[in-house]
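# Coordinates in review
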Amino acid sequence: MKALLKFDLRHLRGDIYGGLTAGVVAIPLALAFGVASGLGPIAGMYGAIIVGFFAALFGGTPTNVSGPTGPMVVVLAGLFASLSGDVSLILTAVMLAGVFQIVFGVIGAGNYIRLVPYPVVSGFMSGIGVIIIILQIDAFLGHESPSGTLSALAYVPTALSDINFSALAVGLITLVIAYKWPTAWGKYVPGALAALVIGTALSLFMPVMPILGDIPSGLPSLHLPVFDQSAAMLVLEAAFILAVLGSIDSLLTSLVADNMTRTRHDSNKELIGQGIGNAVAGLFGGIAGAGATMRTVINSRSGGVTRLSGMIHSVVLAAIVLGMGSVASYIPHAALAGVLVKVGMD
């Protein structure tokens with residue numbers, strides 16, 4: 001415990017700038033992933049804050065920035081559909097996933113998870129990308145998408161027969177800005193955030209389209225685990241899948257961080273940190289997360305060196321959550337869909 005309380009302050013300036021930059025980049029992704037999971041934008045923000053903070057504090061990769069990621073959200077969206085939106089059971093699965101990850105770390109599974117062949121990971125990530133895009137097609141066209149990949153795909157003909165062209169325009173503009181935002185400008189304002197802000201601003205002067213609506217702000221409430229015998233196997237299965245995917249995702253990100261910093265992470269310690277983050281996130285209404293490659297790279301390139309940078313990223317998001325609800329409520333679903341389509345294609 002004493003070791004945990006010792007922080008290397010020699011790189012404090014870089015850690016602050018890296019954490020601030022990663023926090024700003026995380027805003028649109030946390031909101032979008034929260035919506036895509038079915039639990040709502042605030043659940044995405046809580047997940048980014050809590051997983052990001054505890055994974056940085058207890059994890060084994062100093063520059064890792066954690067939060068909601070595509071693979072985790074796809075599993076949560078499927079679970080949301082299977083459980084008919086029962087939030088308590090979904091959050092229980094997130095907590096159990098964290099417990100599984102802690103067990104993985106304790107028994108040393110981190111030494112083996114990173115041996116998964118690259119073609120397997122590549123095929124898996126490609127499939128995740130396709131699913132993310134499918135889940136956003138209906139929102140892109142100005143409709144509320146049904147839960148589940150197949151349901152969303154089956155609804156596409158209905159959405160095409162009644163396109164909300166205002167939403168479509170906002171979605172396309174958001175997507176183009178996210179792709180074409182100049183790299184030089186990205187040093188000051190990340191492309192995803194710029195796309196979300198501009199898309200939202202344009203929507204205010206256009207005909208009505210679906211928006212996020214009222215978003216709760218402030219401190220999260222406590223969600224104790226719930227056990228339902230009829231859904232026990234489904235929850236356990238989803239928790240185990242979340243744990244495995246989150247572990248693979250995090251350790252791959254750790255390898256990227258190692259290559260950038262010329263250091264070597266501690267795989268098992270990283271899994272324990274991720275597990276603690278997910279267990280606490282589920283307890284306070286956040287969605288599951290993992291090491292996020294893009295945010296980790298941005299943190300490192302912006303000067304982040306120690307775990308303080310990941311913790312500062314979470315503090316930035318927490319400060320935003322405490323006062324952004326009224327502003328974020330105007331964000332159109334189509335703008336978030338534009339951001340997520342780029343994530344899926346990436």
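Residues numbered from 1 in each chain as written. Predicted model: local features only at pLDDT ≥ 70, side-chain atom pairs only at ≥ 80, totals over all residues. Heavy atoms only, no water.

Bringing the packing of aromatic side chains into the picture now. Scanning the model with the defined rule gives five aromatic pairs in all. Centre to centre, the rings of F53 and F54 are 5.5 Å apart; their planes meet at 80°, and the pair counts as edge-to-face. Classification of F53 as partly exposed rests on a relative accessible area of 27%. Of the residues examined, F54 reaches a relative accessible area of 25% and is grouped as partly exposed. Note on F104 and F240: the rings are 6.0 Å apart at their centroids and 85° apart in plane angle, and the pair reads as edge-to-face. Taken as a pair, F104 in helix α4 (residues 87-107) and F240 in helix α11 (residues 232-261) lie far apart in primary sequence, 136 residues in all. (Phe/Tyr/Trp six-rings, centres within 6.5 Å; stacked < 30°, edge-to-face > 60°. Buried < 20%, exposed > 50% of the residue type's maximum accessible area, 1.4 Å probe, protein only. Helix = DSSP H or I, 4+ residues; strand = E, 2+ residues; numbered from the N terminus.)

This part covers the packing of helix α1 (residues 12-37) against helix α15 (residues 333-345). Angle between the axes and distance between the axes are the two parameters that describe a pair of packed helices. Closest axis-to-axis distance for the α1/α15 pair is 9 Å, and the angle between their directions is 100°. Relative to α15, the element α1 lies roughly perpendicular. In contact with P28, L29, L31, A32, F33, V35 and A36 of α1, α15 contributes H333, L336, V339, L340 and V343. Across the contact of α1 with α15, the residue classes tally to 11 nonpolar, one polar and no charged. (Axes fitted to C-alpha atoms, helices over the stretch in contact; angles between N-to-C directions. Parallel < 35°, antiparallel > 145°, perpendicular 65-115°, else oblique. Contact = heavy atoms within 4.5 Å. Nonpolar A, V, L, I, M, F, W, Y, C, P; charged D, E, K, R; others polar.)

For helix α8 (residues 165-180), which comprises 16 residues, the first-to-last C-alpha distance of 22 Å matches the rise-based estimate of 22 Å (1.5 Å per residue) to within 8%. Residues of α8 that are buried: S166, A167, L168, V170, G171, T174, L175, I177 and A178. The opening residue of α8, the one whose side-chain oxygen lies 3.1 Å from the backbone nitrogen of S166, is N164. (Expected span 1.5 Å × (residues − 1). Polar contact = N/O pair within 3.5 Å; in protein donor to acceptor, adjacent residues only side chain to side chain.)

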